[in-house]
Amino acid sequence: MVNSRVETPTVAVMGGGGGAPGRSCAGCGGRIADRFLLFSMERYWHTRCLKCSCCHAQLGEYSSTCYSKGGMILCKNDYIRLFGHSGACSACGQSIPASEMVMRAQGNVYHLKCFTCATCRNRLVPGDRFHYINGTIFCEHDRPGAGLLSGHPASLQTSSMMSDQKVC
């Protein structure tokens, strides 16, 4: 499911681009004289120029759908990787605007203000270490069980149940 605020244009392959006046490529700016051209996001593209901003897959060959958010043109896989399945924050459930930066953990996407420790409610920022335990985020100081080793911090464990991560 795609957030309704996100454009989900279909990539239309059109024939007869050869020499049509006034058609320039939105990707490279060059005149489109190819036999086929693409029409997506209300603009014309060479088939080689409509590419995913992340993986650079040629979207006319890869799929009949592309996504646009935050000034990027994305294939479905990269849209989901960057913005989640719904385009909504995993903490508050609210929509994430296209221009807003996000935080990600274990496939979930968060508003910056919602990426907080479940215990102390402090916001985590890039560079902070955190723990993601059973779907809950903890700062390094509030990790459950961290003080069990007689004053020494617990060694970091990584598994599907508990993982130590660094905000990128």
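Just so it is clear, the model here is predicted, and its values are computed rather than measured.

Remarks on the pattern of salt bridges
Now for step 1: Enumeration according to the criterion identifies two salt bridges in this entry.
Now for step 2: With its nearest N and O atoms 3.3 Å apart, the salt bridge here joins Arg48 to Asp34. Of this pair, Arg48 sits in the loop between strand S3 (43-45) and helix H1 (59-62) while Asp34 is found in the loop between strand S1 (12-15) and strand S2 (36-40), placing the two residues 14 residues apart along the sequence.
Now for step 3: For Arg48, a relative accessible area of 42% puts it in the partly exposed group.

What about helix H2 (residues 76-83)?
Now for step 1: Residues of H2 that are buried include every one of Asp78, Tyr79, Leu82 and Phe83, and no others. Across the axial projection of H2, the buried residues extend over an arc of 105°, all falling on one side.
Now for step 2: On its buried side, H2 packs onto strand S4 (67-69), strand S5 (72-74), strand S6 (102-105) and strand S7 (108-111).

Section: the confidence of the model for the protein chain
Now for step 1: Mean pLDDT over the protein chain stands at 73; residues scoring 70 or higher make up 69%.
Now for step 2: Element-level mean pLDDT values for the protein chain span from 42 in strand S10 (residues 162-166) up to 92 in strand S9 (residues 136-139).
Now for step 3: Scored below 50 in pLDDT, residues 1-9 shows 28 contacts in the model against residues more than four places distant or in partner chains.
Now for step 4: Under a pLDDT of 50 for its full length, residues 148-168 has, in the predicted model, 49 contacts with residues more than four places off or in other chains.

Considering the pairing of S6
Now for step 1: The pairing of S6 with S7 spans four bridges and is antiparallel. Opposite Arg104, over in S7, you have Val109 as the bridge partner.
Now for step 2: What sits between S6 and S7 in their antiparallel hairpin is a turn of two residues, with Gln106 showing a positive phi close to 50°.

Parameters at a glance
Residues numbered from 1 in each chain as written. Predicted model: local features only at pLDDT ≥ 70, side-chain atom pairs only at ≥ 80, totals over all residues. Heavy atoms only, no water. Salt bridge = Lys/Arg side-chain N within 4 Å of Asp/Glu carboxyl O. Helix = DSSP H or I, 4+ residues; strand = E, 2+ residues; numbered from the N terminus. Buried < 20%, exposed > 50% of the residue type's maximum accessible area, 1.4 Å probe, protein only. Arc of directions from axis to C-beta. Contact = heavy atoms within 4.5 Å. pLDDT = per-residue confidence, 0-100. Pairing = 2+ DSSP bridges.

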